[in-house]
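These are the residues of each chain, in order.
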Amino acid sequence: MVTVDELPEMKKFIEWFENRHEYARKWKEETGGKVVGYFCTYMPEEIMYAAGILPVRILGSHEPESITRPYLHDMYCPFCHDTLAQALEGRYDYLDGVTIAQSCLHMRQSYFSFADRVENIEWSYYLPFPHGVNNPHAADFAKHEFEKFKKSVEEWTGKEIADGDLDKAIEVYNKSRELLTKMFELRKADEPVLTGLHAMYIVVSSQVVDKAEHNQVLESFLEKIENGEVENDREIGTRLMLIGSEDYDAELFRLIEYGMSYPATFVFEENCTGSRYFWGLVEGDGDRLMALAKRYVYRVPCPAKDWARGDFFGRRRFQFIEDVIKKWNVEAVIIAQMKFCDPHELDIPSLREMLDKMGVRHLHLELDLTQPVGQFRTRVEAMIEAMGEEDLFI
Amino acid sequence: MEVKVRPFDCWNDFKNYRMNYYKEYLEAKDNGGIRWAGSAWAFDPVPQGLGEDVYPLTGEPYGATAAFFKDFSMKALETIERKGAARDLCGYMRNYWGSVAMDKYLLADGSVIEPFPKPDFNFTIHICCSHAKWYHYAAELEGGVPTYAVDISVGPGYTLDDKKIEYVVRQLEDAVTWMEKVTGREYDDELLIKAVENEAKSMTLWAKICKLNQAEPAPMEEKSMFSFYVLTLIRRSDERVVKLYEQLYREVENRVKKGIGALTYEQFRFVTDNPPPWPFLKVYRYLEQNYGAVSVGSIYTFGLGAAWLGMDEKGENWIWEPAPTPEEAGFEIHDRRSALWWTALFNLKYRASWQHEYSHWVRKQETYQMVKDWNTDAIIMHLNRGCELWNMSTLEVRDYLVGKGIPVATYEGNMADPREFDEARTFNVIDSFMQSLGIEKLT
């Protein structure tokens, strides 16, 4: 029996996560293909993948920086500053292109400066993905924009994307989604062997390497867990759910899952470096772009796109969260909000109200480029301690 | 050189319209009318098809009015913050939410009325991260007021195609059906057509008026323009608004002919960019009185409610020329669909403030061309913490303009949160900027 951390597959995920730039450079060298950085998980990566492109998600490094201030206002989120900082520091010097599926204003701002200021970028594309994903016309509009995006990719690469190419890309991406979903399903167990840190490494690494390669490793990894070859070496403690956005700061997970006086484990991450990235398959055949459009429009929405519209007065994301809390037996929620992130801030009062009604304890942490570890530890520990306060009086 | 100045003849008419606007909304129910609330960017003509007794309350101007009355604003902001709203969210929205949460309604003269008059429905658009969610949460605070938001984020006008327009039109068609359902009223397409035509007239007239400010001396200074431009944002589809703009156009044109200026001594012309710090409009007076510096406009006052040609078809250059009305464009509006098509097309293509969310380049060109076309010496930029949308690209624009040799000053503040403005520091910035340009104080 081994622990998850001892599995070579886990080591691979961490290696990919930590050395993502080296991976992309090597991939480019070996394949001669183009690498495109993308902002936001609404990007239909399948179209690029079908053209032989390696799509990689633009991420930051969680290191203090001061080089973005001439271009981005201080009131914009740390993630958009961090991503632009990577570009200005030349860490994305291997990219051939950069693209964004219309998302929040902050990320757009970073994208525009990225596209304008990074010299090696020869192709950039702003994809006006619909914001109103709760309206019945969104998929039709998204399909229209995907058609134009596909055409632009074809013109740039000089390669026509045949239906077969798209089918293959969809197959690879769906396989990835199925495997990642399976990995999350395993965390429903009373004693899950995977932590949030593991899950984060696995999901985020899938965003920065060739999906087909990632699928192979993930399949093997999951087989070992399912076959009972892996043992748990830690106490699960309080079952936590993380609700947030670009939460890929390993420090945060290490602190909460490995660095507190009370044991705690994330059993689900509702964020775009977690479940929101991969939840939901591309379904249907025939009109491939419409199938893609429907998947991206009807996936669990980002708060930036989730709002009341006429007869629908809810938030689809909240419905998903409610469901997860029940099915994954979540005991408490950490709302990890990127500082200055308006879409999340706009949801938080209502989200807290919903959690209160459900009787689920929650804690709101505001994330910055680096985290105040000591303060966070005290606050999370206090929450867990408070959850057990009734025991004191038995 | 000393120039003639005189108050605007139509000043009180504009002031009265705005005063009555808030009262009409408040009293709508007394006569069985309909109230609706939404962004100033909402498709204002669409609810007008429900009848002639339909009264809007647009959120941004309301938020600005609240901010102007600092005491009210402070209470509103603190009330909503206690409910968990983040302090860095849109300043207008927080004032609006706070007002709803306090159950207090503010009139344009600062009178406070209780309770807050709930709308029959919320109807808005969504382009920045806030608009639809603003009214979603407001509706929750209001106990579940029906809410509908139209997604308009289809890209800049010069990339517009029929599919993009169709996407918006379909949502508007659904909205009409939905409005009939929530109000129980039958929709009148003739009223819609009239409202759509009025909208185009108001927005193009305001553009023509702004254009007249290219004259030297400038016939208008921006602080006064704030009282004029706002009608395009509160009820542009109202025929009374069209008439007021016709009146203002004639008056400004006459001022230009007669050389009547906004300032007795105009020795420095500049433009601004963002919404101003509404609780501290004295910044404008400080510049006028101390330096004879006139703000001739901004992409905010010009772009928010006016219709301009905007980017050329290639997306290379910005054209500050008024957009055509349906008549001038040869577009026949004869039924609901053609009316909705026109209002979608007109706003998506010609509303300047719906263009620069999609690239730095548009905002750079828009601003640069304004500095040139209005013959200004500089730009003073408000780094506005209260609106992430209007703050987009500002620093890149600054960098671009500096590269073009245009003097740029920046000051930080918040359009609608009195707690986030340093008056003394701002005046210091202005003094230093003027000194660096060799502009001496008036004696």
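Everything discussed here concerns the structure shown above.
Calculation notes
- Residues numbered from 1 in each chain as written.
- Chains lettered and ligands numbered in written order.
- Predicted model: local features only at pLDDT ≥ 70, side-chain atom pairs only at ≥ 80, totals over all residues.
- Heavy atoms only, no water.
- Helix = DSSP H or I, 4+ residues; strand = E, 2+ residues; numbered from the N terminus.
- Buried < 20%, exposed > 50% of the residue type's maximum accessible area, 1.4 Å probe, protein only.
- Contact = heavy atoms within 4.5 Å.
- Pairing = 2+ DSSP bridges.
- Right-handed = clockwise from strand over helix to strand, strands pointing away.
- Axes fitted to C-alpha atoms, helices over the stretch in contact; angles between N-to-C directions.
- Core = buried A, V, L, I, M, F, W, Y, C linked by side-chain atoms within 4.5 Å.

*Asks:* Got a minute to help me understand the environment of Ile348 of chain A in this structure?
*Replies:* Residues and elements named next belong to chain A. Locating Ile348 in the fold gives a position in helix 14 (residues 342-358). By relative accessible area, Ile348 is classed as buried at 2%. Along the sequence, Ile348 and Leu105 sit 243 residues apart, while their C-alpha atoms lie 18 Å from each other. Residue contacts for Ile348: discarding those within four places in its chain leaves Ile335, Gln337 and His364.

*Asks:* What exactly am I supposed to notice about the pairing of strand 13 (residues 378-384) of chain B here?
*Replies:* Along any regular strand, the residues point their side chains to alternate faces of the sheet. Residue and element names in this part refer to chain B. For strand 13, the buried fraction is high: seven of the seven residues fall into the buried class. In strand 13, alternate side chains face the same way, and those of Ala378, Ile380, His382 and Asn384 on one face and Ile379, Met381 and Leu383 on the other are all buried. As defined by bridge partners, strand 9 (residues 268-272) adjoins strand 13 across three bridges and the pair is classed as parallel. Bridging across to strand 13, Thr272 finds its partner in Ile380. Strand direction decides the pairing type here: strand 13 and strand 14 (residues 408-413), joined by six bridges, are parallel. Bridged to His382 within strand 14 is Tyr411. Tracing the backbone out of strand 13, into helix 17 (residues 394-403) and back to the parallel element strand 14 gives a crossover that is right-handed.

*Asks:* Would you mind going over the sheet that holds strand 8 (residues 361-367) of chain A with me for this structure?
*Replies:* Pairing between the strands of a sheet is mediated by backbone hydrogen bonds and can be parallel or antiparallel. Residue and element names in this part refer to chain A. An order of 6-5-7-8 is seen for the four strands of this open sheet, with the pairing classed as parallel. Among the strands making up the open sheet, the edge pair consists of strand 6 (264-270) and strand 8. Strand-to-strand twist across the sheet, computed as the mean angle between neighbouring axes with direction ignored, equals 25°.

*Asks:* I keep staring at the pairing of strand 2 (residues 54-57) of chain A and nothing clicks. Help me out?
*Replies:* All names here are of chain A. Where burial is concerned, the two faces of strand 2 agree: the one with Leu54 and Val56 and the one with Pro55 and Arg57 are both buried. Pairing analysis gives four bridges linking strand 1 (residues 35-39) to strand 2, with the strands arranged parallel. The partner of Val35 across the bridge, within strand 2, is Leu54. What joins strand 1 to strand 2 is helix 3 (residues 45-50), and the crossover it makes is right-handed.

*Asks:* I would appreciate a short explanation of the nonpolar core in the present structure.
*Replies:* Here is a general trend for soluble globular proteins: nonpolar side chains tend to be buried in one another's company. Of all hydrophobic cores here, the largest spans 293 residues; its most connected members are Phe114 and Phe221 of chain A together with Tyr96, Trp97 and Phe123 of chain B. By residue number, the principal contributor to this core is helix 8 (residues 189-212) of chain B, which donates eleven residues. Discounting chain neighbours no more than four positions away, the residues touching Trp97 of chain B are Leu346 of chain A together with Ile80, Ala85, Leu89, Lys133, Trp134, Tyr137, Ala138 and Leu141 of chain B. Within the second largest apolar cluster, 18 residues are counted, among which are Phe270, Ala409, Tyr411 and Phe427 of chain B.

Structural measurements only, silent on function.
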